[in-house]
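One letter stands for each residue in the lines below.
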Amino acid sequence: MIGSDNPPTENAPEEGSSESAQGDFDEGANTLWTLYGKEAKEFDEAHIQTLKDDMDSILLFAGLFAATLTGFIIDAKQDLKPSVGDQMVFYQQQNVAFLAQISQQISSIAPQVVIPSIPPPPYPDFHPSSSALLVNASWFMALVFSLFAALLAILVQQWVRRYMRIFQQHNDPLKRARLRQYLHEGVEKWRMPLLAESVPSLFHTALALFFLGIAGSVWKFNTAVLLSAIIPIGFSGSIYAFTAFAPVLDLQAPYHHSTSGLIWYWIQKLRGRGRKDRGSGGKLKSMGSNMTEGQVEVAMGDTGREARDERAVSWLVNKLTEDDDMEPFVMAIPGSFNTEWGKKVLKGVSEAMEENKSTDGSQEPPLDMNPIPPRVNPFAPIL
């Protein structure tokens, strides 16, 4: 009823369910859910910032690309219809032939001049060339793909803003945590990261179609011009294919873009790639469909893990050039290498440092330079 102090009855179930949910934990759990919210916010903001930067780049380049491509399309689509100039030339030729026939009959000795009443033949049916069809089809498809990529980029930005806004508008830590987890599971369930990764691939496809149209447009002019366009296009395509497949073949390769993630996803879904698992006696264990997760699994796997840990610690020691930086590192050594694994890593790093020190000491410095003092091995007192 209007003017009543009682709340609407349709809100009563929602309030009751909220109170029931709040009773699942006491107020002492707020610290836990506040920590969850802090970690979740950092995680989501890092991913969303990456998505935002990618989508902003797509919108910028898609706009420039569409504007440039439109100029090519306006010129190329003229080849899909009869040319007015060609029609005028055709009819002029018919008129010349007709007048020549009349002149020949008039100049003859015949007593009567017969002027034919048959009209000239019509202009022949127009059929666009194969190159014109290829060019226009490629460039129109490229325009559609680029505009669709721009549309998806706008939608992805709207989705991530809504995702952050929904659960951050609540103050209760438990409610924010539950709502965020609910939305996060929906994002993973509906493959939103995969969809976002496919947006740059659409733009890459549009660019490939544009190059195909360029090759088709110069095809009808000259073979030398065609080769001058095909060679750089083929080289660019080869580099792109290499950067797309290199991370799939070797997860350590840094050449990763959206097409690589899509190729990895479908390979894992159709065939699957495994890795040796220490917990199952070295048997192959299937890897996830996300390439980033696969990199984490390989980095944490058994193959080369000990040597990689040694190189990581050695890199850290070499980067700590100041005594103020080295002091907290030395203080952290006793509690960092207590396990059998840690002791083996510690021993390997120490041996590598001693070997490097002996190698550096055997090389005589130039006469005009002061010798660099060797780095003190911080692990020697422990070993």
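Every chain's residues receive numbers from 1 upward, in the order its sequence appears when written. Totals for whole chains, interfaces and linings use all residues, but because this is a predicted model, local features are given only for residues with pLDDT of at least 70 and pairs of side-chain atoms are given and counted only at 80 or more. Note that water and hydrogens are dropped before the side-chain values are worked out from all heavy atoms of the structure.

1. Examining the confidence of the model for the protein
Overall, the predicted model of the protein reaches an average pLDDT of 76, with 69% of residues at or above 70. By mean pLDDT, the top-scoring element of the protein is helix H4 (residues 130-168) (90), and the lowest-scoring one is helix H1 (residues 12-22) (44). Note that pLDDT drops below 50 for residues 367-373; the model gives that stretch one contact with residues more than four away or on any other chain. Residue-level confidence of the predictor is summarised by pLDDT, bounded by 0 at the bottom and 100 at the top. Where helices and strands are cited, they refer to DSSP runs of H or I of at least four residues and of E of at least two residues respectively, numbered from the N terminus. Two residues form a contact once any of their heavy atoms are found within 4.5 Å.

2. Structural notes on the nonpolar core
Side-chain atoms within 4.5 Å link the members of a nonpolar core, which is a set of buried Ala, Val, Leu, Ile, Met, Phe, Trp, Tyr and Cys residues. Categorising residues by exposure relies on relative accessible area from a 1.4 Å probe, with only protein chains included: less than 20% of the type maximum marks a residue as buried, more than 50% marks it as exposed, and the intermediate range marks it as partly exposed. Among the nonpolar cores identified, the biggest contains 33 residues, and Phe65, Leu69, Trp139, Tyr163 and Val199 are the most heavily contacted of them. Elements that contribute at least two residues to this core include exactly helix H2 (30-76), H4, helix H5 (173-189) and helix H6 (192-219). Counting residues per element, this core draws most heavily on H4, at 14 residues. The residues touching Tyr163, leaving out its near neighbours within four places in the chain, are Asp44, Ile48, Arg180, Leu183, His184 and Val187. If you look at the next biggest cluster of nonpolar residues, it comprises 11 residues, including Phe329, Leu346, Val349 and Met353.

3. Here's the deal with the pattern of salt bridges
Should a side-chain nitrogen of Lys or Arg be within 4 Å of a carboxyl oxygen of Asp or Glu, the pair is scored as a salt bridge. Per the counting criterion, the structure on display carries three salt bridges. We note a salt bridge from Arg180 to Asp44, for which the minimum N-O separation is 3.0 Å. Linking Arg180 in helix H5 with Asp44 in helix H2, this pair joins segments that are 136 residues apart in sequence. Asp44 matches Arg180 in its accessibility class, with the two residues each being buried. The partner of Asp56 in a salt bridge is Lys52, and the shortest N-O contact between them spans 3.1 Å. With Asp56 and Lys52 both in helix H2, this residue pair falls four residues apart, about one helical turn. With a relative accessible area of 32%, Asp56 lands in the partly exposed category.

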